[in-house]
Amino acid sequence: MGRRVLRLRTERGFTQRQLAEPAYTAAYVSTLEAGKVRPSEAALRHLADRLGISYEELTTGRSPRDATRLRAAVTDARRALATGAAEDAAVLFAGVRDEAERLGFAEERSAALLGLGDCALETGDLTVARDHFEAVERLLAGEPLPRRIPAIRGRAVAHLLAGELRYSCYLLESSIDELNASGLHDPYALLLLYTAAIAPYMDMGAHARAVRAAELALALAPSVDDPGLIARMHRGVARTLIAEGRTAEADASLAKAQELYEQLRIHTDLAHCHWMRGYVHAQDGNLERAERELRTARDMLASKRAALFTGQVEVELADVLRRRGRTAEAEALLLPLLASSPAAGAADTAGEPEAASGEAGPGEAGLTADRGAVHAGGAHRLLGLIADERGDAEAAEEHYCAALSLLERTGAAGDLADLCRLLGDLLRREGRQEAAMDAYRTGLGHRAAPGTTTLGPAPAEPPM
């Protein structure tokens, strides 16, 4: 406090006597500035009035004008992230972070770090994203848990995108349990967590938990006034409806989300809606419409330089193209995504096809074991199917095994079971009966109790 009074007095050109009079003496101000006395509220209000600032600004060091300006800058950066490229938004968030740190504004600094984490998620820089989210958690360590939930959710999403499904579930479930055990039934925080948990549950094959999380999210939604989060919830709920074969309801849920994103002009999430609707149409067998939606999603994500998400969409687009008989186009999408993989070049025995015009090149949207592992496994699975259909059993087996290695690391039970079936069928046709039996047994093991052997008890549910 003494240093702050000294700085403000010096900035205004006051002597200690001018600041002190008429209620106090110059000696009192000198003692206060030296840190040898704890000023009373009355003294602080007198000093604040003489300095021309608010009592709050003097006692906290926070200028209401600076705080308002930084909060407005965070809002501008959020708008830039929603409507433009993440790299551009990151520059704005970094500026807010640095100034907030200089001014000692913890709340605004944490908001900027959270934004930087979201930017890194969009660009696929998952380690950077985790670092930013962890910094937010450290900064808010003394705050109530609901304040830290957005950062915990961000870290869980980063681990999910890296293929670490179990740890993603652990982060989300332990936070849900802690919220409920402490009586902090914050609807916004719980909705954020339940919505985020749907994706790793689905990828692990824990469909019952995913459905329950979706039900709880829907029950919490009326208590939350955040259109963006409600739209994200509808996207998550749609995944559970698709798994249950309720594609019409899933499409309706996605339509609600899409409408909200269009109103909010959140381009990345709007692209995710097109992506999900493409998946719904693919499940329904409407491949032409599926291709149209997936291409729209891909173009929107590519325009925002969201490299990891762009690559993931391309895998699903390649699946639709293969099912439409356009295997050369499918390979042209998949091979650049796996350029660093030793199995990537094995699928095309007649020479690697040229990349389609406008597609992402190697390194731009590459999928690896620690960056989009589930979709990397999906890409190898598709290349294996293409090679199998072409009659190249050796290349097919190589891709199936590469996919198996990737998916076993993630624990994506449903995908693993299907992959083991494909590999077993291939080996059986090759006359390798024992190897085929081993593949089938592995698949049955993954399918027997999906999502239960690696997850603990389901988290406690909040009172509704």
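Within an unreviewed UniProt entry, the label attached to the chain reads Helix-turn-helix transcriptional regulator, and the organism entered is Streptomyces endocoffeicus.

Trainee: I keep staring at the packing of helix α18 (residues 307-323) against helix α19 (residues 327-337) and nothing clicks. Help me out?
Mentor: In a pair of packed helices, the angle between the axes and the distance between the axes together describe the arrangement. Here α18 crosses α19 at 160°, and the two axes come no closer than 8 Å. Compared by their axis directions, α18 and α19 come out roughly antiparallel. Taken as a pair, α18 and α19 cross one another with a handedness that is left-handed. Contact residues: α18 offers Gly311, Glu314, Val315, Leu317, Ala318, Leu321 and Arg322, while α19 offers Thr327, Glu329, Ala330, Leu333, Leu334 and Leu337. Residues of the contact of α18 with α19, tallied by class, amount to 8 nonpolar, 2 polar and 3 charged.

Trainee: Would you mind showing me how to read helix α12 (residues 187-204) here?
Mentor: Structurally, the α-helix is built with 3.6 residues per turn, so residues lying three or four positions apart point the same way. With 18 residues, α12 should reach 26 Å at 1.5 Å per residue; the first-to-last C-alpha distance of 26 Å fits that figure. At Ile198, α12 shows its largest bend, some 25°, and a proline, Pro200, comes one to four positions later. Counting buried residues in α12 gives 16 out of 18 residues, a clear majority hidden from the surface. The backbone nitrogen of Tyr188 has a side-chain oxygen 3.0 Å away, supplied by the residue at the start of α12, namely Asp186. Remark: Gly205 follows α12 within two positions and exhibits a positive phi of approximately 85°.

Rules used throughout
Residues numbered from 1 in each chain as written. Predicted model: local features only at pLDDT ≥ 70, side-chain atom pairs only at ≥ 80, totals over all residues. Heavy atoms only, no water. Axes fitted to C-alpha atoms, helices over the stretch in contact; angles between N-to-C directions. Helix = DSSP H or I, 4+ residues; strand = E, 2+ residues; numbered from the N terminus. Parallel < 35°, antiparallel > 145°, perpendicular 65-115°, else oblique. Left-handed = near helix turned anticlockwise from the far one by under 90°. Contact = heavy atoms within 4.5 Å. Nonpolar A, V, L, I, M, F, W, Y, C, P; charged D, E, K, R; others polar. Expected span 1.5 Å × (residues − 1). Bend = angle between axes of the 7 residues up to and from the residue. Buried < 20%, exposed > 50% of the residue type's maximum accessible area, 1.4 Å probe, protein only. Polar contact = N/O pair within 3.5 Å; in protein donor to acceptor, adjacent residues only side chain to side chain.

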